[in-house]
Amino acid sequence: MVFFGEYDFKEKNAKDTYIFKNDKVRFKGDDGFSVKINGKNYAIIFTGEIYNRNNIKKELNLRGFSPKTDSELLLLCYYASGLEFINKLDGVFSFAIYDDEQKTLLLARDHLGVMPLFYTFENGFSFSSNLDCLIQKEEKIGIDSLREIFGIGPARTPGTTAFKHIKEILPGSYAHFISGVFSEEKYFKLTPNIHIDDFETTIEKIKYMVTNSIQNKINSDTCSLLSGGIDSTIVTTVANNYSKSNFDTKISTFSFDYVDNKKYFVSGDFQPGEDRPFVEIVSKKLETEHTFLEIGIDDLISYLYKAVDAKALPGMGDIDSSLLFFLEKIKQGYSSFLTGEGADEVFGGYPWFIREDLINSNSFPWSNNIHYRTFFIDDEVKNKLDLKEYTEHKYRQSLNNSPSIFSESPEEKRLRDIYYLNTQWFMQTLIERTQRISKYLNIIPRMPYANAELVQYVYNIPWYIKTKDNVTKYTLRKAFENTVPKEIVYRKKSPFPKTYNPKYTEELLKIFRKDVLNKNSALYPLLNIEIVNNIEKEHTKPWFGQLMQGPQQLAYLIQINYWIEKYNISIKI
């Protein structure tokens, strides 16, 4: 669902339907509610899901309210409890509430920022859950936008977009607009505490919280994405048991791969083995109705452009386009899906949680070599952008916000910082990818590991427990070692798959040379033409995350070029 609103703004389109309007505010959206209480009007537009709605309904029933939808529930909670109600919510949401009594507009976003909420002061104040709604017919971007795209992307600095005039409410934040004054405040942030639970209690709590979070997100029309790794296997196993008990049916599962990937697969540090044998082990043990989905080169490339349409920003290349293709297939039979997204950030599943060179890289560990990101940029442009300084500034700025406790050693503090950076940056990138693509397709993603209570608890577990014996996600594995097949419990992480077919790179190069390496392209003036003519020979090491290497860089540049042209963006540096 998408919503859009304007505050103190002249109406542009009389045919729009509004949930509530007066001289100051107008809303439109798919899910909204307005009510008059004691002669005062209150209105809400909302997108998302509230998982603990039943408990909140009971509280409201005692006060004489009977909400029928999540929108009604949130608005009545606001009326009954004020801003404090946000802290009671377990869910993913963004919403806008207009309070006619206080003459106040309230904007809020869920604890971990699963649901988006953008705003702009261009020509008045407007806000939307969809970035597209705020983009102008002719956009201009400056030097900081290019710094975000080339230095930070496909991640982005929290609260910003690549569009100069469009900002985003931060995760776990709300904003007030009162008498023309805009202010934003955090209501949720990670709090450092000394972990007092013993090992057995810690493991029990993790199992309870993960299980409860999964069960809260299942209905009769939910399927599960199954990669054969520990994260998705736990989700699928718990969901399958719950589905059999409550809906008398086994859960359906899906896994993804690429046509001919078995033929071309190359084992590496980040992707040690193929997923399919492990998927077969799990689906056979659980007796799920399993579907293997594959994507070919032509679709992988054509969906690069659809992925930009979905996000209104360039993204993770074929990693985005393949996810969009797969979810489009799943949507034909299901309205929602469960995914293991977020587990690696929450429980410490990446190499940069255990490898000393990455832990101590003094930079974002998933993007720690600026050369691999910038070698293709024209030298004069590169000097103006000064991407090394920009990214280091963002890194230092974020570290300054990372909490600590007085009793920590320097080593413990550094690992706490790594955890903080991952939840604020890397997890946001992956959650955004899944959420925006799902929203584009009108299918609902459910991410049990992206749970604020769980993240807060695991945040304070000492690292000698989290990565005991140098095993990533040790506490999660230990919690479910008797629940999932033994072949899966300590299987080394294998991320979302990518194609190894050399034809993919060949086809990308053809498109790149045709669409980007021509003097009329949007990107041409920014490129070092001599270098990009041999771009496929430049490097094979990841430049973002674990999967984005040479082919993904080509795909990213193609997406950037398409994005600039699609939105009629002019560049000024």
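Structure first, text after, so check above.
Now for a look at the structure at hand. (Residues numbered from 1 in each chain as written. Predicted model: local features only at pLDDT ≥ 70, side-chain atom pairs only at ≥ 80, totals over all residues. Heavy atoms only, no water.)

## Quick look at the overall build of the protein chain
Along the protein chain, the regular secondary structure elements total 22 helices and 18 strands. Relative to its full complement of 573 residues, the protein chain shows a buried share of 60%. Long-range pairs, those at least 24 residues apart, make up 72% of the contacts in the protein chain between residues at least 6 apart in sequence. Element-wise, carbon and sulfur atoms account for 47% of the exposed surface of the protein chain, whose accessible area totals about 24,100 Å². If the 72 positive side-chain charges of the protein chain are averaged to one point and the 75 negative ones to another, these points end up 2 Å apart. (Helix = DSSP H or I, 4+ residues; strand = E, 2+ residues; numbered from the N terminus. Buried < 20%, exposed > 50% of the residue type's maximum accessible area, 1.4 Å probe, protein only. Contact = heavy atoms within 4.5 Å. Areas by Shrake-Rupley, 256 points an atom, 1.4 Å probe, with all protein chains shown as cover. Lys, Arg positive; Asp, Glu negative; His and termini not counted. Charge placed at Lys NZ, Arg CZ, Asp CG, Glu CD.)

## Some thoughts on the pattern of salt bridges
Summed over the entire model, instances satisfying the criterion amount to 30 salt bridges. Here aspartate 231 ties to lysine 473 by a salt bridge, and the two come within 2.9 Å at their closest N and O atoms. Taken as a pair, aspartate 231 in helix α5 (residues 230-247) and lysine 473 in the loop between α17 (463-466) and α18 (474-479) lie far apart in primary sequence, 242 residues in all. What makes aspartate 231 buried here is its relative accessible area of 10%. Judged by its relative accessible area of 2%, lysine 473 is buried. The salt bridge involving glutamate 481 is made with lysine 478; its shortest N-O contact spans 3.1 Å. Sharing partners across several salt bridges, the network here consists of Arg109, Arg156, Glu168, Glu432 and Arg436. (Salt bridge = Lys/Arg side-chain N within 4 Å of Asp/Glu carboxyl O.)

## Observations concerning the sheet that holds strand β16 (residues 336-338)
Across the sheet, 5 strands lie side by side as β15-β14-β13-β16-β17; this open sheet has parallel pairing. Looking along the sheet, the strands with just one partner apiece sit at the ends: β15 (289-295) and β17 (444-446). Between one strand axis and the next, the sheet turns by 30° as a mean value, whatever way the strands run. Taken together, the 2 bridges between strand β13 (residues 222-225) and strand β14 (residues 252-258) define a ladder with parallel strand orientation. Looking across to β14, one finds that serine 224 is bridged to threonine 253. Sitting on the sheet, helix α7 (residues 276-286) touches β14 and β15, and the angle it makes with β15 is about 160°. (Pairing = 2+ DSSP bridges. Axes fitted to C-alpha atoms, helices over the stretch in contact; angles between N-to-C directions.)

## Structural notes on empty space enclosed by the protein
What the rule picks out here adds up to 6 cavities of 30 Å³ or more. As a volume, the second largest cavity reaches approximately 170 Å³. When residues of the lining of the second largest cavity are assigned to their parent elements, the largest contribution, 7 residues, is made by helix α15 (residues 410-441). In the lining of the second largest cavity, the residues fall into 7 nonpolar, 5 polar and 5 charged. (1 Å grid on protein atoms, 1.4 Å probe; cavity = no way out; pocket = protein on both sides within 12 Å on 5 of 7 lines; lining within 4 Å. Points joined across faces, edges and corners; volume = space filled by probe spheres on them. Nonpolar A, V, L, I, M, F, W, Y, C, P; charged D, E, K, R; others polar.)

Any functional reading would require information beyond the geometric quantities listed.
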